[in-house]
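So the chains spell out like this:
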Amino acid sequence: MPLKGRVLFLTEDPSLIKRQLAGEDLPWDTKNPANNPKLRDDISTDEITPAHLCFYFDQTLGEIPYLGLKCGNEIPIQRGDVKRGGFVAAVSGKRRGKGSSREQSPYAEMCAGIQLVIAENIERIYKQNCQNLGVLTSTNFSLIDRIRAGEQIPLSEFTQGEDEITRQVIEYGGLFPFNVARMQGKVFLPPIQTAKRPMTLTEKVFARHMVRGDGGVGVPAVQPGDSGFTRVDLRFSHEYVTPMAAIFYEQFVGKDVPVNDAASIRFFRDHLTFLDEVISEEKKKMGLLDLATQLKLKQESFAKAQGIKLHGELKDRKGSEGICHSVMLESYALPGQVNVGSDSHTPHVGAMGCVAFGIGTTDVFNSWITKDVRVKVPESVKIVIRGKKQPNVTAKDFILKILSLDYVRSGKALAKVMEYAGDAIEELSVDERATMTNMAAEIGGFTGIVAPDDKVVDFLVERRGMDHKQAEAMIAGLQSDPGAQYAEVIELDAAGITPMVATPGDPGNGKYIHDLNTPVPVELAYGGTCTAGKNEDMDMYARVLADALKHGKRVADSVKFYIQFGSQETRDYCVQQGYLDVFQKAGAHVIEPSCGACINAGPGVSTRPDQVVISAQNRNFPGRSGPGQMYLASPLTVAASAVAGYIVEYQPSAERELVGA
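Below, the structure is looked at part by part. (Residues numbered from 1 in each chain as written. Predicted model: local features only at pLDDT ≥ 70, side-chain atom pairs only at ≥ 80, totals over all residues. Heavy atoms only, no water.)

### Structural notes on the overall build of the protein chain
Convention followed: Under the DSSP-based scheme used, a helix requires at least four consecutive residues in state H or I and a strand at least two consecutive residues in state E, with every element numbered from the N terminus. In this treatment the radius of gyration is a C-alpha quantity, and the globule benchmark scales as 2.2 Å times the residue count to the 0.38 power. What makes two residues a contact is simply this: any of their non-hydrogen atoms within 4.5 Å. Methods summary: accessible areas were calculated by the Shrake-Rupley approach with a probe of 1.4 Å, and residue burial reflects only the protein chains presented.
For the protein chain, the helix and strand inventory stands at 29 helices and 22 strands. Its C-alpha atoms give the protein chain a radius of gyration of 24 Å, near enough to 26 Å, the size a compact globule of 661 residues would have. Referenced to the eigenvectors of the C-alpha coordinate spread, the extents of the protein chain come out at roughly 80 × 60 × 50 Å. Across the protein chain, every contact between residues at least 6 apart in sequence was considered, and the portion connecting residues at least 24 apart equals 74%. When the accessible surface of the protein chain is totalled, it reaches about 24000 Å², and 49% of it is carbon and sulfur.

Printed below as a string of structure tokens:
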């Protein structure tokens, strides 16, 4: 494999990056790593390709890799720098490619000339997207010397340790050429021969869905490391991804060829509905708003041509029908299914007891042909939270605590299933469990899941109108077997967890609020997104604001508080409960459903670097939601902080009065 070109080291020191862009090759000691400058860890896809630049879905992306990369307090890489630099490999530290499932990131790197990514460890979706596109990945830093020496590097260097299917995908140069060969019977699919064994819940679901060599579906058992293709029950994508996938489909398959089982595909117009309200004049002049409109139109035309259900914009007012994850949980996902989506937060519906995971654009497009996706059965981590939680603690506090653990921060949880269990989890509603499974994405996990129980049955009966016996039958057998094997078991005491925030820069920067050294004044408070725009999240915002009104208080004059519904179903719920009146009287601004501020595309985004935001969303990577300083917190904490004007734990007034007495 000839890798002719320079090596770009993505260091923490911005001056070193600038020197490389100016033509200097940094010396690098692969035998004594301690002698080298510190590499950037935790490079997110938001930093590789900032969200607003993903409106491009062609080779223009080659001009923009790393335009959001923050090193120190600088963003040292400008448009076209990487492409002009003649780089063939890019090197970084731990957890490369965390965050969004956007395939635009490795595609941008590829179009800029990057053929190889080297890092200490690499996030699952990003790595799979690289493989699907033909970009090589490695954790072997000794390759740096071999590239610089001009050696021919055998392809086996990049397939070593991979399963048989991944090896062939790499050798064929990507997923689509591999699948063509697969349909022509030219590739070898190893049969799964695992004997019956105690299985985790996720392993059981995969065993039921794995495609056999004879074309049938289902095998007696699977174990971690088994690879193959899993038949999927539901596939969805949104306007950030559908257009690129549609262009791939029309180019490689044909405009007039129907997709495989259109009835099990859903499209969503949910990410960019409010973009025009926050996009800068500079970006408008770049034509980015027009490009975003083209994304919407391309998705609409492909949906119409293929007969695919599109949850789109509202006809009578601005907003969308709902965020993809919210609608999938409310209306579609079922216990025991396999669901895939073009978004890293697809595990949201794991709260229903189904296996759901994010995939990239190439996987989406290929699934329209085959109705299956490539999978390597992952290991599972069991996270047991025991005991009774405190009244002002929520699922968001649980997950922020988990994200702060060394096991997660060191990357040991990458690509593993997070199975949440214990009496504190069982006490959570389906909505609250969805916060836990949703943010398996921030852990870097393959997915998150909770075994379905009576609360799932009640959800299906009350919110879907399903027959009770049918719902009960659906969850039968959907729990992990005694003796199932886990890569790790983590046990936490719910009583010891108090309200938390994640300090700016990363969701893993968890701190107890009572450990903040000084009061943190906030200018913006945001409650919404898939993670925190559900019915029970609205209960929490309303609870705090009603409590404030009762005591003659409202949102602080120094704060703008935005509350955004995750779906029209949740909006209707708020109308029925009388919450809109509470929100309005308390001084909160209510917004129709959309992803919005979470991806820098709606009201609630910061506009200055010194602006402090407290948000119930799932990510606070640099630049994701504007240039400000974002703290992540629970809906209770966000609402209480909006009223106080600074970050504070919510204390129910009845308890305060009791203490005062």
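### Some remarks on the packing of aromatic side chains
Describing an aromatic ring pair means giving the distance of the ring centres and the angle of the ring planes. Rule in force here: Only the six-membered ring of Trp is used, alongside the rings of Phe and Tyr, when aromatic pairs are assigned; centres must lie within 6.5 Å, and planes under 30 degrees apart are stacked while those over 60 apart are edge-to-face, with the rest tilted. When accessible area is computed with a 1.4 Å probe and restricted to protein chains, residues below 20% of their type maximum are described as buried, those above 50% as exposed, and intermediate ones as partly exposed.
Going through the model one piece at a time under the given rule, you end up with 21 aromatic pairs. Centroid distance Phe178 to Phe229: 6.1 Å. Interplanar angle 10 degrees. Geometry classified as stacked. With Phe178 in helix α9 (residues 175–183) and Phe229 in strand β5 (residues 227–231), this residue pair connects regions lying 51 residues apart in the sequence. Using a relative accessible area of 0% as the deciding quantity, one classes Phe178 as buried. With a centroid separation of 5.9 Å and an interplanar angle of 75 degrees, the aromatic rings of Tyr249 and Phe302 are classed as edge-to-face.

### Let's talk about the pairing of strand β21 (residues 612–615)
Where a strand is regular, its side chains alternate between the two sheet faces. To keep things clear, this is the line we draw: Any two strands with at least two DSSP-identified bridges between them are counted as paired.
On β21, burial covers both faces: Val612 and Ile614 on one face and Val613 and Ser615 on the other are all buried. Looking at chain direction, strand β18 (residues 524–527) and β21 are connected through three bridges and run parallel. Bridge pairing in β21 links Tyr526 to Ser615. In the sheet, β21 pairs with strand β22 (residues 629–632) via four bridges, with the strands oriented parallel. Considered in β22, the bridge of Val612 is made with Gln629.

### Observations concerning the pattern of salt bridges
The test is simple: By definition, a salt bridge exists where a carboxyl oxygen of Asp or Glu is found within 4 Å of a side-chain nitrogen of Lys or Arg.
In the structure shown here, the tally under the stated rule is 45 salt bridges. Put simply, Arg317 and Glu592 hold a salt bridge, and the shortest N to O gap is 2.7 Å. Pair noted here: Arg317 is in the loop between β8 (309–311) and α15 (324–332) and Glu592 is in the loop between β20 (589–591) and β21, with a separation of 275 residues, a long-range link. Note that Glu330 is salt-bridged to Arg463, the shortest N-O span being 4.0 Å. Separated by 133 residues along the polypeptide, Glu330 in helix α15 and Arg463 in helix α22 (residues 454–464) bring together distant segments of the chain. What makes Arg463 partly exposed here is its relative accessible area of 24%. Sharing partners across several salt bridges, the network here consists of Glu239, Arg269, Lys296 and Glu313.

### What to know about the packing of α9 against helix α16 (residues 361–370)
Cut-off, in case you're wondering: The convention used is that axes are lines fitted to C-alpha atoms, helices contributing only their stretch in contact, and that angles between N-to-C directions extend from 0 to 180 degrees. Any angle that is under 35 degrees is reported as roughly parallel, and any over 145 degrees as roughly antiparallel; angles of 65 to 115 degrees are reported as roughly perpendicular and all others as oblique. Crossings are sorted by hand: turned counterclockwise from the far helix by less than a right angle, the near helix makes the crossing left-handed, and turned clockwise it makes it right-handed.
For the pair α9 and α16, the least separation of the axes is 10 Å and the interaxial angle reads 20 degrees. Taken together, α9 and α16 sit at an angle that is classed as roughly parallel. Judged by the sense of rotation from one axis to the other, the crossing of α9 with α16 is right-handed. Residues Leu175, Phe176, Asn179, Arg182 and Met183 of α9 form the contact with α16, whose own contacting residues are Thr362, Asp363, Phe365, Asn366, Ile369 and Thr370.

### Focus: the nonpolar core
Inclusion rule: We define a nonpolar core as any set of buried Ala, Val, Leu, Ile, Met, Phe, Trp, Tyr and Cys residues linked to one another through side-chain atoms lying within 4.5 Å.
In this structure, Tyr66, Ile77, Val222, Leu272, Phe357 and Trp368 are the most contacted members of the largest nonpolar core, which totals 110 residues. Beyond its immediate stretch of four places on either side in the chain, Val222 contacts Ile192, Thr194, Arg197, Met199, Glu203, Phe206, Ala207, Met210 and Val377. In this structure, Ile402, Met418, Ala424 and Tyr526 belong to the second largest nonpolar core, which totals 41 residues.

### Re the side chain of Ser625
Which entries qualify depends on this criterion: Here a polar contact is recorded for every N or O atom pair within 3.5 Å, except that within protein the pair must consist of a potential hydrogen donor and a potential acceptor, and residues adjacent in sequence are included only if both atoms are side-chain atoms.
Structurally, Ser625 is set in the loop between β21 and β22. According to the relative accessible area criterion, Ser625 is buried, its value standing at 5%. There is a polar contact of 3.0 Å between the side chain of Ser625 and the backbone oxygen of Ala597. In this view, Ser625 contacts Ala597, Cys598, Asn600, Val605, Ser606, Gln617 and Met630; residues no more than four positions away in its chain are not counted.

### Here's the deal with the sheet that holds strand β1 (residues 6–9)
Two modes of strand pairing occur in sheets, parallel and antiparallel, and in both the strands are linked by backbone hydrogen bonds. A sheet is described by the order of its strands in space; here four strands give the open sequence β1-β2-β3-β4, paired in parallel fashion. Two strands close off the open sheet at either side, each with one partner strand: β1 and β4 (136–138). Across this sheet, the average inter-strand angle for adjacent strands is 20 degrees, counted without regard to direction. Against the sheet, helix α1 (residues 14–21) touches β1 and β2 (87–91), its axis set at about 160 degrees to β1.

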